[in-house]
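# Structural features, examined
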Amino acid sequence: MRIGTTLTHYIIRNQREIEGASGTFTGLLNDICVACKKIAALVDKGALVNVLGSAESENVQGEEQKKLDVISNEIMIEALEHNGHIAALASEEMEGIHPMSAERRGRYLLLCDPLDGSSNIDVNVSVGTIFSILRAPDDTKAPTEADFLRPGVEQVAAGYCLYGPSTMMVLTTGNGVSMFTLDRDFGEFLLTRENVSIPDETREFAINASNRRFWDEPIQRYIEECLAGEEGPRGKNFNMRWVASMVAEVHRILTRGGVFMYPCDKRIRAQGKTGKLRLMYEANPMAMIVEQAGGAATTGMQRILEVDPDELHQRVPVILGSRKEVERVTAYHD
Ligand code: AHG
Ligand code: MN
Ligand code: MN
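Note that the coordinates shown come from a computational prediction; the quantities given were computed from them, not determined experimentally. (Residues numbered from 1 in each chain as written. Chains lettered and ligands numbered in written order. Predicted model: local features only at pLDDT ≥ 70, side-chain atom pairs only at ≥ 80, totals over all residues. Heavy atoms only, no water.)

### Remarks on the coordination of the manganese ion (ligand 3)
Defined as follows: Here a donor is any nitrogen, oxygen or sulfur atom (N, O, S) within 2.8 Å of the metal, with 3.2 Å used for Na, K and Ca; water is not among the atoms considered, so some sites may look incomplete. Partly exposed residues are those whose accessible area sits between 20% and 50% of the maximum for their type, while under 20% is buried and over 50% is exposed, using a 1.4 Å probe and protein chains only.
Those donors, Glu92 (OE), Asp113 (OD) and Leu115 (O), are the protein atoms that reach the manganese ion (ligand 3), and they lie 2.2 to 2.3 Å from it. Donor residues for the manganese ion (ligand 3), ordered by position in the chain, follow E-x20-D-x1-L. The metal-metal distance between the manganese ion (ligand 3) and the manganese ion (ligand 2) is 3.7 Å, with aspartate 113 serving as a donor to both. The burial state of aspartate 113 is the same as that of leucine 115; both residues are buried.

Here is the structure:
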């Protein structure tokens, strides 16, 4: 499609290729864009509109909520509640699902991380919104939490909006990955890159190295070999990055390759958890995007998109990015 095409036009064109999709799907993506534009405007204004800092509350997972976590969640609900495109919404910031009223019940289920990387908001570093779209089981029944517990392979679409130097929407409907940049002058996302492809090999990795002493053997080995550089078994020097916003990390990998890891480790296990990142609204949508761009995404033991979820806020280890690197880390787990 032509560079500069509006996201709305792109979605309408794309919808024709999705089996069973109607105007509802276009409407849903449009609602998400509206929400993301509102969040982008607030992120942009920051301290001028008093959205920085803590909300003095905790989410269901016992993590501190920032003001902008709470506000972004409200913006998502508001954008989706009235238009009849979804049957229910689930979010990092809400314990249970948020069902729509019977007369406003649409054909899709939406899962989202309204504000990813929220520890970065107060220091003016990139944050984002991540979303995953599933089909609702049927049009008549009120959805339950169990309806959301589908493996990532069943996602109809996934995407994220990155609030960085530019605001960008990155989207897949299962037919490649496209990137759109927000033109603030007239308030539209315009296509700036199509058929995104992650290089198979890389010289760049991203991991929070402060957790090194807790890592399991396969991760220790992979990182040690990268750090050994030209003299080590890899025979080349590696570079390291850690933004602490998964959205920014995945965006870098889609742009120039690399591997991103948030493994489970001894410290996480001691807290009774199975990982740091959440399967349904962080790992699954990012895994779909990365696979659609030719990369790979695994827990180390299993393809992320094939994990059968037990609960809405389930956590998983995440290793994703350039295919050959992900395969190498996986092989170290065997
Ligand atoms: P969120 O702000 O939605 O809770 O997600 C933050 C996530 C992810 O984006 C990032 O990769 C990771 O947490 C950072 O974790 P550390 O602070 O442990 O590095
Ligand atoms: Mn997140
Ligand atoms: Mn979040």
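Text resumes after the structure shown.
### Quick notes on the domain arrangement of the chain
We apply this condition: Where each domain starts and ends comes from a domain assignment, either automatic or drawn from a database. Whether two residues touch is decided by their heavy atoms; if any such pair falls within 4.5 Å, the residues are in contact. Buried area: the sum, over both parts, of the accessible surface (1.4 Å probe) that disappears when the two are put together. Note on definitions: salt bridges are taken to be side-chain nitrogens of Lys or Arg within 4 Å of carboxyl oxygens of Asp or Glu. Between N or O atoms, a polar contact is any pair within 3.5 Å; within protein, one atom must be a potential hydrogen donor and the other a potential acceptor, and residues adjacent in sequence are included only when both atoms are from side chains. In DSSP terms, a helix is any run of H or I states spanning at least four residues, a strand is any run of E spanning at least two, and both are numbered starting from the N terminus. Residue polarity follows a fixed list, in which Ala, Val, Leu, Ile, Met, Phe, Trp, Tyr, Cys and Pro are nonpolar, Asp, Glu, Lys and Arg are charged, and the others, Gly among them, are polar.
As assigned here, the chain comprises domain 1 (7–193) and domain 2 (204–333). The gap between the C-alpha centroids of domain 1 and domain 2 is 23 Å. Counting from both sides, the interface comprises 50 residues of domain 1 and, opposite them, 32 residues of domain 2. When domain 1 packs against domain 2, close to 3,000 Å² is buried across both sides, 63% of that on carbon and sulfur atoms. For the interface between domain 1 and domain 2, the tally reads three salt bridges. Arginine 315 is the partner of glutamate 63 in a salt bridge, and the nearest nitrogen-oxygen pair spans 3.3 Å. On the surface where domain 1 and domain 2 come into contact, there are 19 residue pairs in polar contact (both at pLDDT 80 or more). Those elements giving two or more residues to the side of domain 1 that touches domain 2 turn out to be β3 (86–91), β5 (108–116), β6 (127–135), α4 (145–148), β7 (157–163), β8 (167–172) and β9 (177–183). Of the residues that constitute the side of domain 1 that touches domain 2, the class distribution is 24 nonpolar, 18 polar and eight charged.

### Focus: the sheet that holds strand β10 (residues 188–193)
Put simply, the rule reads: Two strands pair if DSSP finds at least two bridges between them. Structural elements are reduced to axes, namely lines fitted to C-alpha atoms, with helices fitted over the stretch in contact, and the angle between N-to-C directions of any two is expressed from 0 to 180 degrees.
Pairing is mixed in the open sheet, where eight strands are placed in the order β4-β3-β5-β6-β7-β8-β9-β10. Across the chains shown, the open sheet's two edge strands, defined by having one partner strand only, are β4 (98–99) and β10. Looking at chain direction, β5 and β6 are connected through seven bridges and run antiparallel. Bridge assignment links leucine 111 to a residue of β6, and that residue is serine 132. In the packing of helix α2 (residues 23–45) onto the sheet, the strands contacted are β3, β5, β6, β7, β8, β9 and β10, and the crossing angle to β6 comes to about 165 degrees. Relative to β5, helix α3 (residues 67–81) is tilted by about 155 degrees, and along the sheet it contacts β3, β4, β5 and β6.

### Overview of the coordination of the manganese ion (ligand 2)
Distances from the manganese ion (ligand 2) to its protein donors, Asp113 (OD), Asp116 (OD) and Glu282 (OE), fall at 1.8 to 2.2 Å. One chain supplies every donor for the manganese ion (ligand 2), spaced along it as D-x2-D-x165-E. Note on aspartate 116: relative accessible area 5%, which makes it buried.

### Details of the site of ligand 1
Counted only if it meets this: Put simply, a residue is near a molecule or strand once any heavy atom of it comes within 4 Å of that molecule or strand. Computed with the Shrake-Rupley method and a 1.4 Å probe, the accessible areas treat only the protein chains shown as cover for residues. Every definition here rests on a 1 Å grid over the protein atoms only: cavities are sets of points where a 1.4 Å probe fits but cannot get out, pockets are open sets enclosed by protein on both sides within 12 Å along at least five of seven lines, and lining residues have some atom within 4 Å of a point. Molecules are considered to sit inside a cavity or pocket once more than half of their atoms lie within 2 Å of its grid points.
Within the structure, ligand 1 sits among 17 residues, and Asp116, Gly117, Asn208, Met246 and Tyr262 are positioned closest to it. One of the side-chain nitrogen or oxygen atoms of glutamate 92 is found 3.0 Å away from an oxygen atom of ligand 1. Interatomic distance of 2.8 Å between a backbone N/O atom of methionine 246 and an oxygen atom of ligand 1. Here ligand 1 has 470 Å² of accessible area as a free molecule, and 85% of this is covered by the chains. A majority-of-atoms criterion places ligand 1 in the largest pocket. Elements supplying a minimum of two residues to the shell around ligand 1: β5, β13 (259–262) and β14 (277–278). When residues in the shell around ligand 1 are grouped by element, the largest group, three residues, is from β5. Class assignment of the residues belonging to the shell around ligand 1 gives a composition of seven nonpolar, four polar and six charged.

### So, the layout of surface pockets
We count it as follows: Grid points are joined across faces, edges and corners, and a volume is the space filled by probe spheres set on the points.
Taken as a whole, the largest pocket encloses approximately 710 Å³ of empty space. Along the walls of the largest pocket sit 33 residues, with Glu63, Ser119, Ala244, Lys276 and Arg278 positioned nearest its centre. Within the residue set of the lining of the largest pocket, elements represented by two or more residues are β2 (64–66), β5, α6 (246–256), β13, α7 (266–270) and β14. Among the residues forming the lining of the largest pocket, the class breakdown is eight nonpolar, 10 polar and 15 charged. Viewed by domain, the lining of the largest pocket spans two of them, domain 1 (7–193) and domain 2 (204–333), each represented by three or more residues. Each pocket or cavity is described by its volume, and for the second largest pocket that value is around 270 Å³. Taken together, 16 residues line the second largest pocket, and the ones lying closest to its centre are Val43, Asp44, Asn124, Tyr163 and Gly164. Per element, the largest residue contribution to the lining of the second largest pocket is four residues, and it comes from α2.

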